[in-house]
Amino acid sequence: MSNQFPTTARVVIIGGGVIGSSIAYHLAQLGWKDIVLLERKQLTCGTTWHAAGLLTTLRDTEAQTKLAKYTQDLYRRLETETGQATGIINCGSIQLAMTDDKAHEMRRGCAMARCFGVENREISPAEVKEMWPLADVSNVQAAFHFPHDGRVNPADVAQALARGARMGGARIFEQTKVLGIEQRNGQVTGVRTDRGDIQAEFVVNCAGMWAREVGRMAGVNVPLQACEHYYLISEAIEGVHKMLPILRDPGNSAYIREEAGKIMLGFFEPVAKPWGMDGIPEDFCFNDIQADWDRMMPYMEKAMQRVPTLMDHGIKLFFCGPESFTPDHNYLMGPAPSLKNFFVAAGMNSLGILSGGGVGMVMARWIAEGQAPMDMWSVDLRRAHRWQDNDLYLKDRMVESLGIGYQDHWPFRQWTTARGVKKSILHDRLAAVGACFGESAGWERPNWYAKPGQKPEYEYSWGRQNWFDNNAEEHRAVREAVGVFEQTSFSKFLVQGRDAERVLNRTATANMSVPVGRIVYTQFLNEHGGIEADLTVTRLAEDRYLVVAAAFTHEHIEHLINKRIPADACCVVTDVSGSWSMLNVQGPNSRALLQKLAQDDMSNEAFPFGRAREIRIGYQTLLALRLTYVGELGWELYVPTAFTLPVYDALVEAGAEFGLRHCGYHTLNSLRIEKAYREWAHDIGPHDTPLEAGLGFACAWDKPGGFVGRDALLRQRDAGRLERRLVQFVLENPEPLLYHDEPIYRDGVMNGYTTSAMYGHTLGAAVAMGYVTNEGGVSDDYILEGRYEIEIGNERHAARASIAPLYDPKSARIRA
Ligand SMILES: Cc1cc2nc3c(=O)[nH]c(=O)nc-3n(C[C@H](O)[C@H](O)[C@H](O)COP(=O)(O)OP(=O)(O)OC[C@H]3O[C@@H](n4cnc5c(N)ncnc54)[C@H](O)[C@@H]3O)c2cc1C
């Protein structure tokens, strides 16, 4: 293999840390030729060289658990395969819980991990003491043992991956800095380096904490920020040996492991410190950074109490290195929405070693096959928002993001830092009537409304939280009277031009050739038939459509439509999310309320379900869409921002007579789950098809020109057998609560897990959705003949499965 500096390559990978090396290795494994990896200094010199090397598998999401599991399996065979030692030690790990809440959370997490083949079991504090005699277990409430976890030497792992990549033909050039990214017509064409230019079909940004800067060279948003990250290593301690399991001790924000007869104590402190806000020094290479041990002292003292002998021994090494973190503590992976063939894998949140193998495998397949091999939305770059590339926002959020992984993950937990990015014009009015706000995509949104005298603040727990009754009352108001939801955060796009119909018909499963004023519920699919978006499209004019989707899907939807506009088409997408407020008026009294206010006829005959009209309320004109996401008669009101205050005031004033109640997003959720309305990224996603999700009814199979994904879907339909189907469940017992990710058992055997769940106040028990799977096919009979249980912690609860929605299966209320 020539070592001459290349002028062309099929793929250029930027960054020689564990991630870049792993992607090069996996692309070579796929048989790719002409792979070039560029490293500005030396392999591993960024963050990889100094990592603690923990390989623990208990993670928050299915994707992250699978990445970690794959990584462990890969690292086990890497030395044999490449001849480069990785220092792997199969010592296992123990997770400790000091409170009942943490114990409950871990039981749930461990049950979920077992769904994905991660072996673990609950052990007693006495067993912990047996495995870790130096540990003080007096305050341990519960503990969980993962026998297959372990640790590695991170620099050696990266070198082994790099060697494996070279063995597969990849070329690695150190001392080569990428200075710019070349592009033409929205597609990457190569890189500029300090040693010359390289033309390339694909470019992958694996530049670790520099990835934001490299992203900016390409105009690609990679919102991450480095923080100080600490561990210390004690002097040698008797009784400390290499097979001591890793102790993860979230209550003390710490992990503990052996290091050559000494103890390594690492920290995930709850209040962290961003680093490098003024840029990373040009000569940074195998460096540590200025530590602030005064700041760390309280965490250190607390963590040492777990192994008290530490206090009697000296410290050999105090180490502080930089690691990059992201605003939601999840990685940033996948294709850049704005630049074709430019990929990113960065922002590893101190999990880059333990997930590096899996990240490399997924990225290589994503690049080679154009589709990730599993659902990656939780870490997909396309969930990041442009406005997040903001120094102050990142600095403030990172203070919280570093430590979040070691804290309690109660359901509905909200971020407390960097809030208030986006506020609707009604924000202060909603606050005045008791709104308790949560955040989505930067928007402050009312999640629930406090009653007079009650503080609009969460009191988190795994049981009924302090807003449970508020939710129940809001829920009932919508079912029995009328509720108003403020949903301005929705992503709203106008798709306009004489080819708008053609573009949307190709993109959406449903037929867009509908009369003006029709609302169409539809999905956008990928080529494999998987669901990329779930939305409503309203035809406003011959050449104008309004596309509405969830707030967090904003960049993804905009990109999806833009990507499918042919070069010669006359069609433009305009983001109008901030220009229109949205007030959603739902419930049996919604017609009477709106009829009192509107100068227009709101009767069923004049304004049937699925229609959109301009209506006038007071001096204001607005767009009313008759549709529902809660299963009731209702209208979504799209109000130009300047008209919003008077329309809202009029609604509230007139509403008293009809029992109008302010309702929050938690109520939207409890209502929609009762009606089995799916939510994208939870119940449906890129690896679920409309047929599996029970949404085949929205597919216009025979429309001229078809739609993206139709062929794959037809193959599935014609096979006449589905191996998985989305089903609704309700618990028999009204007491337990479900959230999501709870294992589902069919006839005593684990079959799947819940995708979303909430308390169904009308049905009188927790309601969930989840996929039932069977290789032999999932027929109606197969679903209904099963005996189901859903596991919460270590307890299983009987559940009833239903194919049709459990609430108003015939949708009579919607069409009233
Ligand atoms: C104290 C500490 C302990 C940790 N412990 C663990 C642990 O136990 N387990 C775990 O999983 N993770 C751990 N981590 C995190 C882990 O080290 C990182 O997630 C991982 O190393 C990130 O790898 P990377 O390849 O993304 O980044 P890096 O290793 O930083 O690699 C990026 C590379 O890109 C190069 N580069 C940047 N810009 C350019 C350019 N313009 N041109 C060419 N090259 C460029 C850099 O020089 C660098 O080498 C720890 C981190 C710290 C700081």
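Residues numbered from 1 in each chain as written. Predicted model: local features only at pLDDT ≥ 70, side-chain atom pairs only at ≥ 80, totals over all residues. Heavy atoms only, no water.

Asks: Where do I start with the overall build of the protein chain in this structure?
Replies: Counting its secondary structure elements, the protein chain contains 18 helices and 37 strands. The C-alpha atoms of the protein chain give 27 Å as radius of gyration, which agrees with the globular expectation for 816 residues (28 Å, within 12%). When its C-alpha atoms are laid out on the principal axes, the protein chain stretches across 80 × 65 × 55 Å. Of all 816 residues assigned to the protein chain, the portion counted as buried reaches 62%. Sequence-distant contacts in the protein chain: of pairs separated by 6 or more residues, those separated by 24 or more amount to 72%. Summed over its atoms, the accessible surface of the protein chain is roughly 30,000 Å², and 48% of this surface lies on carbon and sulfur atoms. Averaging the locations of the 85 positively and 100 negatively charged side chains of the protein chain gives two centres separated by 4 Å. (Helix = DSSP H or I, 4+ residues; strand = E, 2+ residues; numbered from the N terminus. Rg over C-alpha atoms; globule rule 2.2 N^0.38 Å. Buried < 20%, exposed > 50% of the residue type's maximum accessible area, 1.4 Å probe, protein only. Contact = heavy atoms within 4.5 Å. Areas by Shrake-Rupley, 256 points an atom, 1.4 Å probe, with all protein chains shown as cover. Lys, Arg positive; Asp, Glu negative; His and termini not counted. Charge placed at Lys NZ, Arg CZ, Asp CG, Glu CD.)

Asks: It is not clear to me how empty space enclosed by the protein should be interpreted in this structure. Could you clarify?
Replies: To find leftover empty space, a probe the size of one water molecule is rolled over the atoms. Summed over the entire model, instances satisfying the criterion amount to one cavity of 30 Å³ or more. Volume-wise, the largest cavity comes out at about 130 Å³. Looking at the largest cavity, the residues that line it are Phe412, Gly463, Arg464, Gln465, Trp467, Phe468, Asn471, Leu737, Leu738, Tyr739, Met758 and Tyr759. Among the elements of the structure, helix H11 (468-480) and strand E34 (749-760) are those that each provide at least two residues to the lining of the largest cavity. The residue inventory of the lining of the largest cavity, partitioned by class, reads eight nonpolar, three polar and one charged. (1 Å grid on protein atoms, 1.4 Å probe; cavity = no way out; pocket = protein on both sides within 12 Å on 5 of 7 lines; lining within 4 Å. Points joined across faces, edges and corners; volume = space filled by probe spheres on them. Nonpolar A, V, L, I, M, F, W, Y, C, P; charged D, E, K, R; others polar.)

Asks: What exactly am I supposed to notice about the layout of surface pockets here?
Replies: Put simply, the second largest pocket is a space of about 1,100 Å³. Contributions of two or more residues to the lining of the second largest pocket are made by helix H8 (352-369) and helix H13 (554-563). Here the lining of the second largest pocket gets seven residues from one element, more than from any other, and that element is H13. Partitioning the lining of the second largest pocket into residue classes produces 17 nonpolar, 14 polar and twelve charged.

Asks: How should the environment of alanine 155 be read in this particular structure?
Replies: Along the chain, the position of alanine 155 falls in helix H5 (residues 154-167). Distance in space between the C-alpha atoms of alanine 155 and leucine 593 is 67 Å, their sequence separation being 438 residues. Once residues lying within four places of it in the same chain are set aside, the contact partners of alanine 155 are Thr44, Thr48 and Trp49.

Asks: Teacher, can you tell me more about the packing of aromatic side chains here?
Replies: Geometry of an aromatic ring pair is reported as the spacing of the ring centres plus the angle between the planes. Scanning the model with the defined rule gives 31 aromatic pairs in all. Ring centres of tryptophan 210 and phenylalanine 284 lie 6.0 Å apart, and the angle between their planes is 70°; this geometry places the pair in the edge-to-face category. Taken as a pair, tryptophan 210 in the loop between strand E11 (196-205) and helix H6 (211-218) and phenylalanine 284 in the loop between strand E15 (262-267) and helix H7 (293-304) lie far apart in primary sequence, 74 residues in all. Each member of the pair, tryptophan 210 as well as phenylalanine 284, carries the same accessibility label: buried. If you follow arginine 464 out to its NZ or CZ, it ends over the ring of tyrosine 759, 5.3 Å from the centre. Cation over ring: arginine 613 sits above phenylalanine 607, and NZ or CZ is 5.2 Å from the ring centre. (Phe/Tyr/Trp six-rings, centres within 6.5 Å; stacked < 30°, edge-to-face > 60°. Lys NZ or Arg CZ within 6 Å of the ring centre and 35° of its normal.)

Asks: I'm lost on the site of the ligand in this one. Help?
Replies: The ligand sits among 37 residues. The nearest are Glu39, Thr48, Glu323, Ile353 and Leu354. Valine 18 is positioned with one of its backbone polar atoms (N or O) 3.3 Å from an oxygen atom of the ligand. Between the ligand and valine 178 there is a distance of 2.9 Å, counted from a nitrogen atom to a backbone nitrogen or oxygen. Notes on the ligand: free accessible area 1,000 Å², of which the protein chains cover 99%. Taken together, the elements giving at least two residues each to the shell around the ligand come down to helix H1 (18-29), strand E12 (225-236), strand E16 (315-325) and H8. A class-by-class count of the residues in the shell around the ligand yields 19 nonpolar, 14 polar and four charged. (Near = heavy atom within 4 Å. Polar contact = N/O pair within 3.5 Å; in protein donor to acceptor, adjacent residues only side chain to side chain.)

Asks: Honestly, the side chain of arginine 382 in this entry has me stumped. Any pointers?
Replies: Tracing the backbone shows arginine 382 in the loop between H8 and helix H9 (391-401). A distance of 2.8 Å separates polar atoms of two side chains, one belonging to arginine 382 and the other to aspartate 380.

Asks: I would appreciate a short explanation of the pattern of salt bridges in the present structure.
Replies: Note on pairing: side chains with opposite charge can pair once their charged atoms come close. Under the criterion given, the structure shown has 51 salt bridges. For arginine 721, the salt bridge goes to glutamate 723, with nearest N and O atoms at 3.5 Å. One network of salt bridges, in which partners are shared, links Glu228, Glu269, Lys273, Asp292 and Arg295. (Salt bridge = Lys/Arg side-chain N within 4 Å of Asp/Glu carboxyl O.)

Asks: For this particular structure, what's the right way to read H9?
Replies: Quick reminder: α-helices carry 3.6 residues per turn. Residues three or four places apart thus point the same way. If you check which residues of H9 are buried, you get Tyr393, Leu394, Arg397, Met398, Glu400 and Ser401. Seen along its axis, H9 keeps its buried residues to an arc of 155°; they face one direction. The secondary structure elements touched by the buried residues of H9 are H6, E12, E16 and strand E19 (435-440). The N-cap residue of H9 is asparagine 390: its side-chain oxygen and the backbone nitrogen of leucine 392 are 3.0 Å apart. (Arc of directions from axis to C-beta.)

Asks: So what exactly am I meant to see when it comes to the sheet that holds strand E31 (residues 660-663) here?
Replies: Two orientations exist for strands paired in a sheet by backbone hydrogen bonds: parallel and antiparallel. Read from one edge to the other, the open sheet built from six strands follows the order E28-E29-E30-E27-E21-E31, with strand pairing classed as mixed. The sheet is open, and its two edges are formed by strand E28 (612-617) and E31, each paired on a single side. Neighbouring strand axes in the sheet, compared pairwise and without regard to direction, differ in orientation by 30° on average. Here strand E21 (residues 482-486) runs beside strand E27 (residues 580-586); their pairing, made up of four bridges, is antiparallel. Paired with phenylalanine 485 across the bridge in E27 is asparagine 584. Along the sheet face, helix H14 (residues 590-597) touches E21, E27, E28, strand E30 (634-640) and E31 and points at about 40° away from the line of E30. Packing against the sheet, helix H15 (residues 641-655) makes contact with E21, E27, E28, strand E29 (620-625), E30 and E31, and its axis sits at approximately 145° to E30. (Pairing = 2+ DSSP bridges. Axes fitted to C-alpha atoms, helices over the stretch in contact; angles between N-to-C directions.)

Asks: Would you take a moment to explain the side chain of serine 424 for this structure?
Replies: Assignment of secondary structure puts serine 424 in the loop between H9 and helix H10 (427-432). Within the structure, the side chain of serine 424 is placed 3.0 Å from the backbone nitrogen of leucine 426, a separation counted as a polar contact. Residues within four places of serine 424 in sequence aside, it is in contact with Trp443, Glu486 and Thr488.

Asks: I would appreciate a short explanation of the nonpolar core in the present structure.
Replies: Most often, soluble globular proteins have nonpolar side chains that are buried together. Ile181, Phe267 and Phe342 are the most contacted members of the largest nonpolar core, which has 64 residues in total. At six residues, the largest contribution of residues to this core is made by H7. Residues Leu55, Cys206, Tyr331 and Met361 belong to the second largest nonpolar core, which totals 51 residues. (Core = buried A, V, L, I, M, F, W, Y, C linked by side-chain atoms within 4.5 Å.)

Asks: What should I look at first to understand H7 in this one?
Replies: Under the 1.5 Å per step criterion, the end-to-end length of H7 is only 14 Å for twelve residues, more than 12% shorter than the ideal 16 Å. Burial in H7 covers these residues: Trp293, Arg295, Met296, Tyr299, Met300, Ala303 and Met304. Angular distribution of buried residues about the axis of H7 spans 140°; they occupy a single face of the element. Packed against the buried residues of H7 are E12, strand E14 (254-259), E15 and E16. (Expected span 1.5 Å × (residues − 1).)

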